Amino acid sequence: MPDYAIETQDLGRVYKIRGNKKESQVRKELIALEKVNLTVERGELFGLLGPNGAGKTTLIKILTTLLAPTSGWARVAAHDVIKTPHLVRPRINMVSGGESSGYGLLTVRENLWMFSQFYGMSSKESNERIIDLLKIVGLEDRIHTKSSDLSTGLRQKMNIVRGFLTDPEVLFLDEPTLGLDVGASRDVRKLIRGWLDANKKRTLLLTTHYMVEAEELCDRVAIINKGRVLACDSPANLKRNLQRDSIFEIETSPLNGFSNQILTNLPEVKKAALTEMDGRAKLELILKEEAAIASVINIITQKNIKILRLSKREPTLEDVFMELVGQRMEDVEKEESPNDNK
Amino acid sequence: MTTNDALAFSASEKVIGWRLFLKTIVARAYPRIIGQQREKSWVFFEIFLPMLAVAAYVYVYRAIGAPEEYVGFVVVGGAMTAFWMNVLWSMSSQLYWEKEQGNLALYIMAPNSMMAILLGMAVGGLLATALRAVAIILLGSLMFHVQYSVASFSQLLFVFFLAMTALYGMGMMTASLFLLLGREAWHLSNLAQEPIYLVSGFYFPIKSFNFWVAAAASFIPLTLGLDAMRQLIFPSGASLGFLNVTVEIAVLITLCIVFLVGAKFLLDYMERLAIREGRITENRR
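Residues numbered from 1 in each chain as written. Chains lettered and ligands numbered in written order. Predicted model: local features only at pLDDT ≥ 70, side-chain atom pairs only at ≥ 80, totals over all residues.

*Asks:* Give a detailed account of the sheet that holds strand E14 (residues 307–313) of chain A, specifying residues and quantitative values.
*Replies:* All names here are of chain A. Spatial strand order, E12-E13-E11-E14: four strands in an open sheet with antiparallel pairing. Looking at strand neighbours, the two that pair on one side only are strand E12 (269–277) and E14, the edges of this open sheet. Each adjacent strand pair in this sheet contributes to an overall mean axis angle of 15°, direction not counted. As paired elements, strand E11 (residues 246–252) and strand E13 (residues 280–287) share seven bridges and run antiparallel to each other. Within E13, the position partnered with Thr252 by the bridge is Ala281. In the packing of helix H11 (residues 317–325) onto the sheet, contacts are made with E11, E12 and E13, and the angle to E12 comes to roughly 115°. (Pairing = 2+ DSSP bridges. Helix = DSSP H or I, 4+ residues; strand = E, 2+ residues; numbered from the N terminus. Axes fitted to C-alpha atoms, helices over the stretch in contact; angles between N-to-C directions. Contact = placed C-beta atoms within 7 Å.)

Here's what the structure looks like:
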């Protein structure tokens, strides 16, 4: 039997949601995960890419023994997460983006030391590693600062160090760079890559909805939406499937009611996504043939819309997502939580 | 040293079993003890304010000409309120706050026992609160000239140990219970605070109650613990005691077993429920 770091078979999770008291007692069901089949090799940096609400966190919770699946099974570090969680737990760790774990009255070092003790580490080893890891993320000058005095970004760096500190066989990072500035995100990505390169037996599963992060870091990526894995391969292979298509970006003057439906009705247009911003609009197109761009321009100019910029580019994971889901990830997120924009 | 060298940690020596259990207790007790040193406001809220209540009862007893032992009863009772407050606000409600903070999921996911986490909270809380209780006893005894006559130090320490074990065992048990009740935990703590001051006889001997009221109040370990300690440290304590000290010790031992076993049972139930339904460890959903 192959020794995978993570293996799932037909994994599913259905949440039962209670209505309010006035509603009937019948519980609604929310399918968070459906028939997820994944294998992650040891030493791999595996990415789960999907919009908010896609099921990424549910999957991580199952893999970290915090949630039971309603169907299928999962193994982490070769142990069943439901039947033998006590064998999985010493081998894993997890950090979530935006978490506020620890105690504000304790210093950075004390918080990290405390969590290391729950894994049975010696205090000496723990304190040495804390210093090394804080140096790598640029937090060594805050080692004696109370965690309540840290900014959100610095606190997140401390949380990330907590995950690496116990040197798990499999580390789960759930949106680790959420809310971090560019510099802090770069430090975290450096730590992630360095940690994996330093020991080829380590495995890391990362969830993100930042395409660039997935593209830059991950050996393989699973694209997940509405609880289902739509594709799983290396970023290069995922994009390769799109390379026979032509991808264009067109920036225009305001569209005045123009709908991208007109363009998607064209047989040569595979996908079209539209974003309006600050008196301009951006059209992203996946075309079956490059020549079809002429028809698109023709339609746009006939509607008295000015083309400000037109460029052809290489496919990205965003395009792969659009190809698979039919919408850009940002648009899926807006649909899932329409109130966020109010 | 390069980044890769720094990250190529040598193989960890990680302890398991009872040593991990002990390490977890010490680590979880640490924030409680260290927190007290860093947050000095407790001196005002947990020594000065309880002293006001103690002083009020002392002046009432002196005004009505009550036996002088009553002053000692009040000082000892005032000191023990610190433990009750600690159990209510830092044990019973604690798992709920840990969940809100995001720590509960990390505790469950770690290889340590959740029972060790609760014991760590209890030990840390007990040690930190003992300092407050001692401060109240010293201050009260000096201010109101309380005379003590301890019959048996070993028995007194044993009773105190049993009362604390049962009390913090109750806190450990209710921690899971309050967590299951969610936001109501806050209201339950508020609800339990003042009535327990009354029925546990913090400021008067519970013998003043009808037998059945006192017996029902004995479910709170501090009631009998306090009563037995008063009998052991004041010359006329035995005449004002509710039950014989030996009987009270036997009941306290029973309460220790019931609460600690109950804590383990409820903790396991809470963890199973958390994993099955996925809502207890969820703080952002």
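*Asks:* I'd like a description of the interface of chain A and chain B, backed by residues and values.
*Replies:* Taken together, the contact between chain A and chain B spans 35 residues of the former and 36 residues of the latter. For the side of chain A that touches chain B, the elements supplying multiple residues, two or more each, are helix H3 (108–117), helix H4 (123–136) and helix H6 (182–198) of chain A. Top contributing element to the side of chain A that touches chain B by residue count: H6 of chain A, with five residues. Residue classes in the side of chain A that touches chain B are distributed as 17 nonpolar, nine polar and nine charged. (Nonpolar A, V, L, I, M, F, W, Y, C, P; charged D, E, K, R; others polar.)

*Asks:* Let's hear about the nonpolar core: which residues, and what values?
*Replies:* General note: in soluble globular proteins, nonpolar side chains tend to be found buried as a group. Of all hydrophobic cores here, the largest spans 173 residues; its most connected members are Val74, Met80 and Leu118 of chain B. Counting residues per element, this core draws most heavily on helix H4 (residues 69–92) of chain B, at 14 residues. No fewer than three residues from each of domain 1 (6–99 + 168–233) and domain 2 (240–334) of chain A sit in this core. (Core = buried A, V, L, I, M, F, W, Y, C linked by C-beta atoms within 7 Å. Buried ≥ 20, exposed ≤ 12 C-beta atoms within 10 Å, placed from the backbone. Domains from an automatic or database assignment.)

*Asks:* Outline helix H1 (residues 56–63) of chain A, listing residues and values.
*Replies:* All names here are of chain A. A large share of H1 lies buried, amounting to eight of its eight residues. Here H1 has its buried residues at Lys56, Thr57, Thr58, Leu59, Ile60, Lys61, Ile62 and Leu63. Positive phi appears at Thr65, one or two residues downstream of H1, with a value of about 70°.

*Asks:* Residues and numbers for the packing of H4 of chain B against helix H11 (residues 221–233) of chain B, please.
*Replies:* Relative orientation and spacing of two packed helices are given, respectively, by the angle between their axes and the distance between those axes. Residues and elements named next belong to chain B. At a minimum axis distance of 11 Å, the contact between H4 and H11 shows a crossing angle of 150°. Every pair of crossing elements has a handedness; the one defined by H4 and H11 is right-handed. For the pair H4 and H11, contact is made by Phe73, Val76, Gly77, Met80, Phe83 and Trp84 and by Leu222, Leu226, Met229 and Arg230, respectively. Class assignment of the residues belonging to the contact of H4 with H11 gives a composition of eight nonpolar, one polar and one charged. (Left-handed = near helix turned anticlockwise from the far one by under 90°.)

*Asks:* Describe the environment of Glu34 of chain A, with residues and values.
*Replies:* Relative to the helices and strands, Glu34 of chain A is located in strand E2 (residues 28–40). Look past the residues within four positions of Glu34 of chain A in its chain and what remains in contact with it is Gly12, Gly227 and Arg228 of chain A.

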